[in-house]
Structure formats: C-alpha cells, structure tokens
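Examination of the molecular architecture
Residue strings, one per chain:
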Amino acid sequence: MHEGLYEQLCSQQVLLQAWEKIKTKGSAGGIDRVSVEMFEDGLNSNINSLAEQLSSGHYIPEPYQEIKVPKDDGEHRCLSLPTIKDKIVQCAVKDLMEPLLEKQFLDVSYAYRPGKGTERAIARASHLIVTEKRQWATVCDIDNYFDTVDHALLLEMLSGTFAERDLVRLVSLWVKMGRVDQNGSWKPMKQEFRREASYRRCWPISIFILSIFS
C-alpha cells in the first residue's frame, strides 16, 4: 500500500508540474470554455483554487464536452474533452500513480509506458526472431479493448494498490462523469467503457488506466 499520495496531489508544486505538461500539449478546453491561455492569465489563483478544492474534498470534475471530429471515411469520431483544470488534476494523479504501478507491470509490456513504446517493442521482437531464432510470431488484437474496461474491476485493482480512498474516488468520478453534447444535453457514462472508447482517448489518464489491464 502507498500512502501520502493524495497529500502530494494537493500541493501547488505537483499541480504546477502537471499544468506545464498540459500547457505544452496545447490542450483544448472543455465545457467551461476556459482555454490554456485563459487559465494561464490567472495561473496562481487557479492553481491555488484547485489545491484548496482537492485539500478540502470539494473538488468535483465538470462534465465532459462532447465534440465530433470528421474521419477520412466520411464518418465522425466523438471526443469527450475535460476542462483544463480537470486535465491538470488527471495528469497530476497519473504522474503520482505511474512510478508505483510501473513496478508491477511485466517487462514484456511496452504500450504507452515510459522508456518503452512501439520502437522498442519492434526491436525486442526482432531480437527474438533474429538472435534467438524463434520460429513463431503471433499477431493479435483485443477487440474493443478500450471499450470494455469494467469500472468496478478498475477501482478494485486500484484500491488493492493505493490505500487512499480519496485518490481512487477521483478516478471513480472521472470514469462515471457524464458529458454534454453540442445541443447542451447531458448524457450519462455507462457502467462499462463499451461504446464509449473514443470519448476517453483525450483524457490525460485514459491510456494509463488501460495499461493497468495490459
């Protein structure tokens, strides 16, 4: 069990470090219409407010802003955008959790992990084939992997690693928070990620969540 992470999350330093990452990415804003530039105009006040909300237990994420992006095939991909402040908190939680969970991941897992990724995965596969003379290689994919992560299982896995309920509660809020469509109508999230995959790909913490199941 790892304690003290939530207290670190409430610090201005940790939130500022997360802010710098969100700013560098040029992240789009969400339902509150606050852009990166607008958030930066009142940076100290905004970070102080976030730290206070987290420390007092009053932090509640905003619903996600639903947008539709055209695809090459003529269809649309739906995205669900968190607000800048919610992206900062998500990024901060990811930064605090990741080093601890990295120790539990298998060495053969490469996707979206620090210091690994696609190129190293290919290099390892090439080594196994060329140097170790492996005769078989299997290519497979889990259908709708992003779509079918179960909320209850996710929270159970996190609770087994992190003793702090407030930290796990934040993840619970993010995966259950609804979204507002372009007509201003609120839509609830489903209990599973099924049919909601593309909504979550723009969350700072989404890929990290999926790595837990890899």
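Residues numbered from 1 in each chain as written. Predicted model: local features only at pLDDT ≥ 70, side-chain atom pairs only at ≥ 80, totals over all residues. Heavy atoms only, no water.

1. Structural notes on the overall build of the protein chain
Basically, it comes down to this: What counts as a helix is a DSSP run of H or I of at least four residues, what counts as a strand is a run of E of at least two, and both are numbered from the N terminus. The classification of residues rests on relative accessible area computed with a 1.4 Å probe and restricted to protein chains. Under 20% of the type maximum is buried, over 50% is exposed, and intermediate values are partly exposed. Where accessible areas are quoted, they stem from the Shrake-Rupley method and a 1.4 Å probe; at the residue level, only the protein chains shown are allowed to cover.
When its secondary structure is counted, the protein chain shows 10 helices and four strands. Across the protein chain, helices and strands are ordered from the amino to the carboxyl terminus as α-α-α-α-β-β-α-α-α-α-β-β-α-α. Expressed as a percentage of the 214 residues in the protein chain, the buried residues total 42%. Just so you have it, the protein chain exposes about 12,500 Å², and 51% of that area is on carbon and sulfur atoms.

2. Some thoughts on the pattern of salt bridges
Rules: Salt bridges are defined as contacts in which a side-chain nitrogen from Lys or Arg sits within 4 Å of a carboxyl oxygen from Asp or Glu.
As enumerated under the stated definition, the model contains five salt bridges in all. A salt bridge links Glu40 to Lys23; its shortest N-O distance comes to 2.6 Å. Of this pair, Glu40 sits in helix H3 (residues 36-41) while Lys23 sits in helix H2 (residues 12-25), and the two are 17 residues apart along the sequence. When its relative accessible area of 32% is taken as the criterion, Lys23 is described as partly exposed.

3. Here we look at unusual backbone geometry
Leave glycine aside and you will find that most residues have negative phi; peptide bonds, for their part, are mostly trans. The phi angle at Arg33 is positive, at roughly 65°, despite the residue not being glycine. Summarising the element assignment, Arg33 is placed in the loop between H2 and H3. On the basis of relative accessible area, Arg33 is assigned to the exposed category, the value being 73%. At Lys133, a residue that is not glycine, the phi angle is positive and equals roughly 55°. By the secondary structure assignment, Lys133 is in the loop between helix H6 (118-130) and helix H7 (151-161).

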